Amino acid sequence: MGSSNVRSLDREPAALAMRIGVAAAEAALATFARNLDLDDLADGVDFEGAIGPAEWPVFSLVIDTLAEAGPGDRRSLDERRADALNDLARICMAARNRVA
């Protein structure tokens, strides 16, 4: 049996990293949906207080990555996190549509 440098596309490092990212995004969105009441969003959200300690690391990583402020971004952290939640939902919906 000879070795081959050819890898299937689904085993390429970039494809694997993307699947891990989508899995983390889906886990974060599920955590959000499970733990936060949408009626409370109008008053602001204490993410860390609402998300359990076991789920916080992945949720925080995903939300804070999506909410990172770019150069010249004057939005507050709460505004960036709200936009990050919208981005998170779009990522998960796009991933599901791609699989379907």
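For the structure itself, look to the data block above.
Residues numbered from 1 in each chain as written. Predicted model: local features only at pLDDT ≥ 70, side-chain atom pairs only at ≥ 80, totals over all residues. Heavy atoms only, no water.

Here we look at the overall build of the chain
For the chain, the helix and strand inventory stands at four helices and zero strands. Traced from its N-terminal end to its C-terminal end, the chain shows the element sequence α-α-α-α. Burial status across the chain gives 20% buried among its 100 residues. Taking contacts inside the chain between residues at least 6 apart in sequence as the whole, the part at least 24 apart equals 44%. For the chain, the computed accessible surface area is about 7400 Å², with 56% contributed by carbon and sulfur atoms. (Helix = DSSP H or I, 4+ residues; strand = E, 2+ residues; numbered from the N terminus. Buried < 20%, exposed > 50% of the residue type's maximum accessible area, 1.4 Å probe, protein only. Contact = heavy atoms within 4.5 Å. Areas by Shrake-Rupley, 256 points an atom, 1.4 Å probe, with all protein chains shown as cover.)

Observations concerning the packing of aromatic side chains
According to the stated counting rule, one finds one aromatic pair in the structure shown. On the basis of an interplanar angle of 40° and a centroid distance of 6.0 Å, the ring pair of tryptophan 56 and phenylalanine 59 is categorised as tilted. Pair noted here: tryptophan 56 and phenylalanine 59 are both in helix α3 (residues 56-66), with a separation of three residues, about one helical turn. Overall, the relative accessible area of 18% leaves tryptophan 56 in the buried class. Assessed through its relative accessible area of 1%, phenylalanine 59 is described here as buried. (Phe/Tyr/Trp six-rings, centres within 6.5 Å; stacked < 30°, edge-to-face > 60°.)

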